[in-house]
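Residue strings, one per chain:
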Amino acid sequence: MADLTLSANNPSTVKAEALVIASAITPDGLSIATQQLPDEFVATIEKLAVPLGITGAADEIRRLPAVDGIKAKTVVVTGLGKPQDDGTFG
């Protein structure tokens, strides 16, 4: 059985099987909705998004191989959709 651990540590330094990050739809396109990740990591994910068909749509889940700048073995991008007027999703 897999273990799930939540951590307040910097996500780029956590050694894990998977790093789960959120994506959202904005007027400018896809946005990675996360903090504390290196700018180059976020830029890489956003650059890969279009050719891989990652849109940020609600309930979308995509698994990517490890990306330079993080210690996790794989990256899971989950879509939140468009933010509502109050800034929440759902």
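See the structure shown above.
Residues numbered from 1 in each chain as written. Predicted model: local features only at pLDDT ≥ 70, side-chain atom pairs only at ≥ 80, totals over all residues. Heavy atoms only, no water.

**Looking at the side chain of Ser23**
Piece 1. Considering the arrangement of structural elements, one finds Ser23 in strand β1 (residues 18–26).
Piece 2. You can call Ser23 buried: its relative accessible area is 0%.
Piece 3. Not counting residues within four places of it along the chain, the set of residues in contact with Ser23 comprises Leu30, Ser31, Ile32, Ala33, Gly56, Val77, Thr78, Gly79, Leu80 and Gly81. (Helix = DSSP H or I, 4+ residues; strand = E, 2+ residues; numbered from the N terminus. Buried < 20%, exposed > 50% of the residue type's maximum accessible area, 1.4 Å probe, protein only. Contact = heavy atoms within 4.5 Å.)

**Things to note about the side chain of Glu60**
Piece 1. Here Glu60 shows up in the loop between α1 (39–52) and β3 (61–65).
Piece 2. Residue classification places Glu60 among the buried positions, given a relative accessible area of 11%.
Piece 3. Ignoring sequence-local partners within four residues, the contact set of Glu60 consists of Gly53, Ile54, Thr55, Val77, Thr78 and Gly79.

**Notes on the sheet that holds strand β4 (residues 74–79)**
Piece 1. The strand order across the open sheet formed by 4 strands is β2-β1-β4-β3, and the pairing between neighbours is mixed. Across the chains shown, the open sheet's two edge strands, defined by having one partner strand only, are β2 (29–32) and β3. Sheet twist, expressed as the average angle between the axes of neighbouring strands with direction ignored, equals 30°.
Piece 2. One ladder, built from 5 bridges, connects β3 with β4; its direction is antiparallel. (Pairing = 2+ DSSP bridges. Axes fitted to C-alpha atoms, helices over the stretch in contact; angles between N-to-C directions.)

**Quick word on the pattern of salt bridges**
Piece 1. If you walk through the whole model with that rule in mind, you get 2 salt bridges.
Piece 2. Two residues, Glu17 and Lys73, come together in a salt bridge whose shortest N-O distance is 3.2 Å. Here Glu17 is found in the segment before β1, whereas its partner Lys73 is found in the loop between β3 and β4, with 56 residues between them in sequence.
Piece 3. Here Arg62 and Glu60 are joined by a salt bridge, their closest N and O atoms 3.6 Å apart.
Piece 4. Using a relative accessible area of 30% as the deciding quantity, one classes Arg62 as partly exposed. (Salt bridge = Lys/Arg side-chain N within 4 Å of Asp/Glu carboxyl O.)

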